[in-house]
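Structural overview
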Amino acid sequence: MNGAVSSWDLSVGVDGPGTRFVVFTAGCPLRCRYCQNPETWRMRDGRQVSTDELMDEIGRYRRFISVAGGGVTISGGEPLLQPRFTAEVLRRCRESGLHTALDTSGLLGVRATDALLADTDLVLLDIKSYDPATYRRVTGGPVAPTLRFARRLAELGRPTWVRFVLVPGLTDAPDNVDALARFVAGLGNVERVDVLPFHRMAAGKYERLGLRFPLAHVAPPDQELLDRVHAQFRAYDVASI
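Residues numbered from 1 in each chain as written. Predicted model: local features only at pLDDT ≥ 70, side-chain atom pairs only at ≥ 80, totals over all residues. Heavy atoms only, no water.

The protein chain carries the name Pyruvate formate-lyase-activating enzyme in an unreviewed UniProt entry, which gives Nonomuraea fuscirosea as its organism. Under the heading Function (unreviewed entry), UniProt records this for the protein chain: "Activation of pyruvate formate-lyase under anaerobic conditions by generation of an organic free radical, using S-adenosylmethionine and reduced flavodoxin as cosubstrates to produce 5'-deoxy-adenosine." For the protein chain, the Subcellular location (unreviewed entry) comment in UniProt is given as "Cytoplasm". (UniProt positions renumbered as here; feature names shortened; annotations may be inferred.)

So, on to the overall build of the protein chain. Helix and strand counts for the protein chain stand at eight helices and eight strands. For 241 residues, the compact-globule formula gives about 18 Å, and the C-alpha radius of gyration of the protein chain, at 17 Å, lands near that figure. A principal-axis box enclosing the C-alpha atoms of the protein chain has dimensions of 45 × 45 × 30 Å. Looking at the protein chain as a whole, 53% of its 241 residues are labelled buried. Residue pairs in contact within the protein chain that sit at least 24 positions apart in sequence constitute 73% of those at least 6 positions apart. In the structure as shown, the protein chain presents an accessible area of about 10800 Å², 51% of it carried by carbon and sulfur atoms. (Helix = DSSP H or I, 4+ residues; strand = E, 2+ residues; numbered from the N terminus. Rg over C-alpha atoms; globule rule 2.2 N^0.38 Å. Buried < 20%, exposed > 50% of the residue type's maximum accessible area, 1.4 Å probe, protein only. Contact = heavy atoms within 4.5 Å. Areas by Shrake-Rupley, 256 points an atom, 1.4 Å probe, with all protein chains shown as cover.)

Here we take up unusual backbone geometry. Where the residue is not glycine, phi is negative for most of them; where a peptide bond is considered, it is trans in most cases. Cis geometry is adopted by the peptide bond preceding Gly77, which originates at Gly76 and carries an omega value of 15 degrees. Here Gly77 is to be found in the loop between β4 (71-75) and α2 (83-95). In the Ramachandran plot, Asp237 falls in the positive-phi region, its phi being about 60 degrees despite a non-glycine side chain.

We now examine the environment of Leu98. Position of Leu98 among the secondary structure elements: in the loop between α2 and β5 (99-104). Overall, Leu98 belongs to the buried group, its relative accessible area being 4%. Separated by 55 residues in the primary sequence, Leu98 and Leu153 have C-alpha atoms spaced 21 Å apart. Setting aside its immediate chain neighbours within four residues, Leu98 contacts Ile58, Arg62, Ile65, Ser66, Val72, Cys93 and Asp121.

With 64 residues, the main nonpolar core has Val193 and Phe233 as its most contacted residues. It is helix α6 (residues 174-185) that contributes the most residues to this core, five residues altogether. Filtering out sequence-adjacent residues up to four positions away, Phe233 remains in contact with Val177, Leu180, Ala181, Val193, Val195, Val238 and Ser240. (Core = buried A, V, L, I, M, F, W, Y, C linked by side-chain atoms within 4.5 Å.)

Moving on, we come to helix α4 (residues 132-139). Those residues of α4 that sit buried are Thr134, Tyr135, Val138 and Thr139. Here the buried residues of α4 occupy an arc of 110 degrees about the axis, which is enough to place them on one side. Considering only its buried residues, α4 is in contact with α5 (144-156) and α6. Backbone geometry just downstream of α4 places Gly140 in the positive-phi region, at approximately 85 degrees. (Arc of directions from axis to C-beta.)

In terms of burial, β5 is a largely internal element, five of the six residues being buried. Taken together, the four bridges between β4 and β5 define a ladder with parallel strand orientation. Residue pairing across strands places Thr73 opposite Ala101, the latter belonging to β5. For the crossover from β4 across α2 to β5, the handedness is right-handed. In this structure, β5 lies alongside strand β6 (residues 122-126), joined through four bridges in parallel fashion. Within the sheet, the bridge partner assigned to Leu102 lies in β6 and is Val123. (Pairing = 2+ DSSP bridges. Right-handed = clockwise from strand over helix to strand, strands pointing away.)

Considering the arrangement of structural elements, one finds Asp45 in the loop between β2 (19-25) and β3 (47-50). Through-space distance from the C-alpha of Asp45 to that of Ser6 is 7.3 Å; in sequence the pair is 39 residues apart. A polar side-chain atom of Asp45 sits 2.8 Å from a polar atom in the side chain of Arg42. (Polar contact = N/O pair within 3.5 Å; in protein donor to acceptor, adjacent residues only side chain to side chain.)

Our focus in this paragraph is the sheet that holds β2. Taken together, the eight strands give an open sheet; going across it, the order is β3-β1-β2-β4-β5-β6-β7-β8, and neighbouring strands pair in mixed fashion. The outermost strands of the open sheet, each flanked by one partner alone, are β3 and β8 (190-197). With direction set aside, neighbouring strand axes in the sheet form an average angle of 30 degrees. Along the sheet, helix α8 (residues 223-234) makes contact with β7 (160-166) and β8, crossing β8 at roughly 165 degrees. (Axes fitted to C-alpha atoms, helices over the stretch in contact; angles between N-to-C directions.)

Let us now look at the pattern of salt bridges. Counted under the stated rule, the structure contains 14 salt bridges. One salt bridge connects Asp45 with Arg42, and the closest N-O pair in it is separated by 2.8 Å. We classify Asp45 as partly exposed; its relative accessible area is 44%. Classification of Arg42 by relative accessible area gives partly exposed; the value is 40%. Asp126 is paired through a salt bridge with Arg163; the nearest N and O atoms lie 3.3 Å apart. In this pair, Asp126 sits in strand β6 while Arg163 sits in strand β7, placing the two residues 37 residues apart along the sequence. Here Asp126 matches Arg163 in class, with each residue buried. Connected via shared salt-bridge partners are Asp15, Asp103, Asp126 and Arg163. (Salt bridge = Lys/Arg side-chain N within 4 Å of Asp/Glu carboxyl O.)

So this is what it looks like as structure tokens:
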């Protein structure tokens, strides 16, 4: 089975526990204003890679990532845009004894079969905003499918880390953060929320691709804002990093 893959890399601490082999699939239905990987937007820009080839590449790092308490994360782009390919890679990794993680916006959660999720040790669920209007401003899409997918993960008892990008003036409204914290607290399967401070490190990518970076004028959140947001999650007994 083949899939469109933009790239792969090793990461530590940001794409699941330990050292991770991260596969960036090509193609994404959203256009997040702060996207750090615009090169992954279009599936046709990815390279066709077979699951055998990808497993061979993962095998080169198997001992290293295993000793480091890590595993394999399928990211993107949006990996559920290629559900069969993603499911096959997750299945083969899990059968080989590697910890598996799926990084998804949840927009296409209906494409994730129960079998795919059973082969996923950890879901990294990107909830860009709880407020529907803000979510659409950030991504161009609806938030409802993501929230439905979050509830399904809770019903299945799949361990989940929620990821929330904090953008001053865009996602930082107290009511928006409070609603997200309350929602997450009610799920029961979320181990933590990663509050990711917005940054502009991808601006060079946009320039090289001939694209305008929509948030070039926005400064990263200051410590006071970060402290306030973490306190809001703590108020609902939600661990945030």
